[in-house]
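Reading the structure
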Amino acid sequence: MRSATNGTQIHIRNGRLIDPQNGIDGRHDLYIVDGRIAAVGSAPAGFAAEQTIDAAGCVVCPGLVDLSTRLGGLESELEAAVAGGITALACPPDTNPPLDEPGLVERLVRRSETLGLARVFPIGALTQQLAGEKLAEMSGLARAGCIAFSQAKHPIVDTQVLLRAMQYAATFGYAIRLQPQDSQLARDGVAHDGEVASRLGLTGIPVCAETVAIATALQLARETGARLHLARLSSAAGIALVREAKRGGVAVSCDVAIHHLHLSEMDIGFFDSNARFDPPLRAASDRDALRAAAAEGLAAVCSDHTPVDADGKQLPFGEALPGATALELMLPLTLKWASEAKLPLAAALARVTCDPAAILGIAAGTLGVGAAADVCVFNPEEPWRVTPETLRSRGKNTPFLGWEMAGKVRATLVGGRVVFGG
Amino acid sequence: MRNPQLNAHGELTHLLSTDGLPREVITQILDTASSFLEVSDRDVKKVPLLRGKSVFNVFFENSTRTRTTFEIAAKRLSADVINLDVARSSTAKGETLLDTVDNLVAMHADMFVVRHAASGAPYLIAEHLHRVGRTDVHVVNAGDGRHAHPTQGLLDMYTIRHYKKDFSNLTVAIVGDILHSRVARSDIHALTTLGAAEVRAVGPQTLLPTAVEKMGVRVCHDLREGIRGCDVVIMLRLQNERMNGALLPSAREYFKCYGLTPEVLALAKPDAIVMHPGPMNRGVEIDSEVADGPQAVILPQVTFGIAVRMAVMSILAGN
């Protein structure tokens, strides 16, 4: 982290403080000393603010924690993250080259620390080159800073390798993240295998591609005792499997991407390649099930930020690259979901703060006294329109272009340092 | 959502799909085609409607037959026709689809007839032309992936109207590989728009798209049930690569279960017509006795196809 805090004392006042982790939602001032939360409500003894942030009309909450951010350009994307109120993010291993070497991980950690923007938590490759054949050096990767292991979007086809990978990870207590999609059932698929893909003549990815992979992963988790996180669920049937497994006592968590809470296959319209996602946008009933799962806390919510340049999107739908820019849309889209689902703001914010922090096993997503002062101050009402110019990310590709959003970040603090706004 | 094939006045500006094509526009195309049919019987088979216009046949996927029918149609309208076999030139050098389009626009193309292996490619081109303000350049979809082949769909409608006059009492069976067929999708949308009483999708589950019934068809897995009482039977071509694999065990078994034989055709109405978009696989989806029999209208389809393509191009050029 770009150093520090030198005993700086910051007073964030007049805001509505929401700290889902500690069950706080009310008018409270926040006091920061030495980069840490010093007090909530009334000033600690001897406090003398050197900097005051007036949060009148704003919500003060823990900095958002994102379970999956693809970093194209490190600096631009970390700037986009803090502009979106995100102070900690996990980076999947499908970088180029993939994160299967401790040296690569160390370099990523060092470079991001030098920038001093959002905190970056790398996720290591489960297998070498993500090829699904030979295990990666998990222990070395963990020492270099990896907090979990995954194959990103490259499922292990050989289930014996998957079993071994989970056994090995379980040996050391490492968490495993799998994006459940059976690669053979999904072969050549570019959209949800349903009404829209059939009409548009697009090759479908059936729901069973997800449920078969989830069922396999859950069985292997039972077998091995590995800590399993299922990333980017897209279907009602997939959610049902996870709910049942949790009831049965399996240590499993899951997440959904923010765009899956708002969009369905219908949003493909006339082949809009901005609506090409992996996993695909599914039926409206699936979207409703994902919303319900997030509302009840079964699933955390992530940005699944994937910047794609124009060359990757200005192609026929099936040839276009999947994914969307999302760092700066995660907060307003979370607010939009909360308002549409009539969900208390604190519950919605939990899905993007303390819940993902718990899944990642990192000390973040809380405003508890003594915690690092990673804070997001946002005006929940402020309207803005999504245009390429409003986005700091290199990725301008999003199906939300032109949408009216409510909710704008006024200030973001990382370790008690104002890294955006203020 | 803006319908990319219609302009602000609801007139046809591109022909991309029969899906979302208003009934009046379809009828206008069929009526116009009717007036062009006699041009083909004249000694001088030309009208000057597209004189001075350049029609570019841009085929990213080879198809000599379809390209030829468009070429004949454009030439009968007196257009200059340029055939580009893009499959073997620009894209092989790594040029993107839209770069190719920009280059051709710079050569003063007035109309693109596009064939592409990817569903939706003509939409991408139409959207691009809209974005760069070239609303004077028109796109005709000559087949995109599995999505649409609207001129084939329209010529099928022309054929049905020619023989059956009215759509409202018709039962139409579409038989075969609907999953991979752009023709089937174009036929289904046109038929439901024109108010056909019943459209049946006939084939094994492996060859029917998921939720095909949402397109307004009745699904029949049994050929006999599908053909019984029909006015129109549209047979689809089974591509060679689908014949032996995970979709179907063999061509022989397919013919046994879904091949149109005189015996099966006898279950349809006595005056039922049999159509096929060509090229046919005799002995795979259709028995020669049916293909060459009195109920087959497969060659008239080809003749009507020229008139329908002339109609589409002349209407686009006029809008």
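Residues numbered from 1 in each chain as written. Chains lettered and ligands numbered in written order. Predicted model: local features only at pLDDT ≥ 70, side-chain atom pairs only at ≥ 80, totals over all residues.

**Focus: the overall build of chain A**
Heads up, the condition is: Comment: elements are numbered from the N terminus, with helices defined as DSSP H or I runs of at least four residues and strands as E runs of at least two. The quantity called the radius of gyration is restricted to C-alpha atoms. Its globule counterpart is 2.2 Å times the number of residues to the power 0.38. Our exposure labels follow a C-beta count within 10 Å of each residue's own C-beta, placed from the backbone: buried means 20 or more other C-beta atoms, exposed means 12 or fewer, and partly exposed covers the counts in between. We call two residues in contact when their backbone-placed C-beta atoms lie within 7 Å.
The secondary structure content of chain A amounts to 12 helices and 21 strands. For 422 residues, the compact-globule estimate of 2.2 N^0.38 gives 22 Å, and chain A sits close to it at 21 Å. Dimensions along the principal axes, computed over C-alpha positions, put chain A at roughly 65 × 45 × 40 Å. Expressed as a percentage of the 422 residues in chain A, the buried residues total 58%. Of all intrachain contacts in chain A linking residues separated by at least 6 positions in sequence, the fraction that spans at least 24 positions is 74%.

**Focus: the pairing of strand β6 (residues 198-202) of chain B**
Residues and elements named next belong to chain B. Put simply, the rule reads: Paired strands, in this sense, are two strands between which DSSP finds at least two bridges. When the strands point away from the viewer, a crossover counts as right-handed if the path from the first strand over the helix to the second runs clockwise.
With four of its five residues buried, β6 lies for the most part within the structure. Where strand β5 (residues 171-175) meets β6, five bridges bridge the pair, whose relative direction is parallel. The residue of β6 that forms the bridge with I174 is A201. Regarding topology, helix α6 (residues 182-193) serves as the crossover connection from β5 to the parallel β6, and that connection is right-handed. Pairing between β6 and strand β7 (residues 218-220): three bridges, direction parallel. What sits directly across from A201, in β7, is V219.

**Considering the interface of chain B and chain A**
Our working definition: We call Asp, Glu, Lys and Arg charged. Ala, Val, Leu, Ile, Met, Phe, Trp, Tyr, Cys and Pro are nonpolar, and the rest, Gly among them, are polar.
Listed per partner, the contact involves 23 residues of chain B and 18 residues of chain A. Those elements that provide at least two residues to the side of chain B that touches chain A are α3 (97-106), α4 (121-131) and α6 of chain B. Ranked by the residues each element gives to the side of chain B that touches chain A, the list is headed by α4(B), at three residues. Grouping the constituent residues of the side of chain B that touches chain A by class yields 12 nonpolar, six polar and five charged.

**Digging into the sheet that holds strand β10 (residues 119-122) of chain A**
All names here are of chain A. Short version of the rule: A fitted line through C-alpha atoms represents every axis, and for helices the fit uses only the stretch in contact; the resulting angles, taken between N-to-C directions, go from 0 to 180 degrees.
With parallel pairing, three strands are arranged side by side in an open sheet as β8-β9-β10. On the outer flanks of this sheet lie β8 (64-66) and β10, each paired with one strand and no other. Averaged over all adjacent pairs, the angle separating strand axes in this sheet is 15 degrees, with direction ignored. Pairing of β8 with strand β9 (residues 86-91), which is carried by three bridges, proceeds in the parallel orientation. When the bridges of β9 are listed, D66 appears paired with L89.

**Observations regarding the packing of helix α5 (residues 150-164) of chain B against α6(B)**
Residue and element names in this part refer to chain B. Note the threshold: When describing relative orientation, an angle under 35 degrees is termed roughly parallel and one over 145 degrees roughly antiparallel, while 65 to 115 degrees is termed roughly perpendicular and anything else oblique. Handedness of a crossing is defined here by the sense of rotation of the near helix relative to the far one, left-handed for an anticlockwise turn of less than a right angle and right-handed for a clockwise turn.
Contact geometry of α5 with α6 gives a least axis separation of 8 Å together with a crossing angle of 50 degrees. It follows that α5 is oblique to α6 by the angle criterion. In this structure, the crossing between α5 and α6 has a hand that is right-handed. The segment α5 lies against α6, with P150, Q152, G153, L154, D156 and M157 engaging V183, S186, D187 and A190. When its residues are assigned to classes, the contact of α5 with α6 shows five nonpolar, three polar and two charged.

**Describing the sheet that holds strand β3 (residues 111-116) of chain B**
Residues and elements named next belong to chain B. Ordered by their spatial adjacency, four strands build an open sheet running β2-β1-β3-β4, and the pairing between neighbours is parallel. Pairing within the sheet leaves two strands with one partner each, and these edge strands are β2 (80-84) and β4 (138-144). Neighbour-to-neighbour, the strand axes of this sheet turn through a mean angle of 15 degrees, independent of strand direction. By the bridge criterion, five bridges tie strand β1 (residues 54-59) to β2 in an arrangement that is parallel.

**What to know about helix α8 (residues 284-296) of chain A**
Residues and elements named next belong to chain A. Under the convention used in this document: Helices are assigned an expected span. That span is 1.5 Å times one less than the residue count.
Compared with the 18 Å implied by 1.5 Å per residue over 13 residues, the 19 Å span of α8 between its first and last C-alpha is a close match. Taken as a whole, α8 has its buried residues at D286, R287, A289, L290, R291, A293 and A294. Looking at the residues trailing α8, positive phi occurs at G297, about 90 degrees.

**Thoughts on the nonpolar core**
Rules: By convention in this section, buried Ala, Val, Leu, Ile, Met, Phe, Trp, Tyr and Cys residues joined through C-beta atoms within 7 Å make up a nonpolar core.
Ranked by size, the top nonpolar core spans 242 residues in total, and within it A:I176, B:F112, B:I174, B:V175, B:V233 and B:M313 carry the most contacts. Of all the elements, helix α11 (residues 298-318) of chain B adds the most residues to this core, at 10 residues. In this structure, A:I176 is in contact with A:L126, A:A148, A:F149, A:S150, A:M166, A:A169, A:A226, A:R227 and A:L228, ignoring residues within four places of it in sequence.

**Notes on the packing of helix α1 (residues 23-37) of chain B against α5(B)**
Residue and element names in this part refer to chain B. Where α1 contacts α5, the two axes come as close as 10 Å, and the packing angle between them is 70 degrees. Here α1 is positioned roughly perpendicular relative to α5, judged by the angle of their axes. Two packed elements cross with a definite hand, and for α1 against α5 that hand is right-handed. Taken together, the residues of α5 that come into contact with α1 (itself represented by I26, I29, L30 and A33) are L154, M157, Y158 and R161. Here the residues of the contact of α1 with α5 sort into seven nonpolar, no polar and one charged.

**Focus on α1(B)**
Given a rise of 1.5 Å per residue, 15 residues ought to cover 21 Å, and the 21 Å separating the end C-alpha atoms of α1(B) matches this to within 8%. Close packing links the buried residues of α1(B) with α5, α6 and α11 of chain B.

**Notes on the environment of A:P44**
Residues and elements named next belong to chain A. Within the fold, P44 resides in the loop between β5 (36-41) and β6 (51-54). Classification of P44 by C-beta neighbours within 10 Å gives exposed; the count is 12. Residues P44 and V33 lie 11 residues apart in sequence; the distance between their C-alpha atoms is 9.4 Å. Setting aside chain neighbours within four positions, we find P44 in contact with Y31, V33, A38 and A39.

**Comments concerning the environment of B:A184**
All names here are of chain B. Take A184: it is sitting in helix α6. For A184, a count of 32 C-beta atoms within 10 Å gives the class buried. Taking the C-alpha atoms as reference points, A184 and Q152, separated by 32 residues in sequence, lie 9.5 Å from one another.

**As for the confidence of the model for chain B**
Put simply, the rule reads: Per residue, pLDDT measures the predictor's confidence, with a range of 0 to 100.
Confidence in the prediction of chain B, expressed as mean pLDDT, is 94, and 98% of residues score 70 or more. Our summary of model confidence lists the complex with pTM equal to 0.94 and ipTM equal to 0.95.

**Let's talk about the environment of A:C58**
Residues and elements named next belong to chain A. Inspection of the secondary structure puts C58 in the loop between β6 and β7 (59-62). Its 24 C-beta neighbours within 10 Å are what place C58 among the buried residues. For the pair C58 and R410, spaced 352 residues apart in the sequence, the C-alpha separation amounts to 8.2 Å. Apart from the residues within four sequence positions on either side, C58 is in contact with G15, V377, F378, N379 and R410.

**Looking at unusual backbone geometry**
Here the residue pair A:N96 and A:P97 is connected by a cis peptide bond, since its omega of 0 degrees sits within 30 degrees of zero. Structurally, A:P97 can be placed in the loop between β9 and α2 (102-115). In this model, A:D278 is joined to A:P279 through a cis peptide bond whose omega is 0 degrees. Looking at where A:P279 falls in the secondary structure, it is placed in the loop between β17 (252-257) and α8. Positive phi is not limited to glycine here, since A:Q129 has a value of about 60 degrees. Mapping A:Q129 onto the fold places it in the loop between β11 (124-125) and α3 (138-144). Classification of A:Q129 by C-beta neighbours within 10 Å gives partly exposed; the count is 13. Of note, B:S78 is a non-glycine position whose phi angle comes to about 70 degrees, a positive value.

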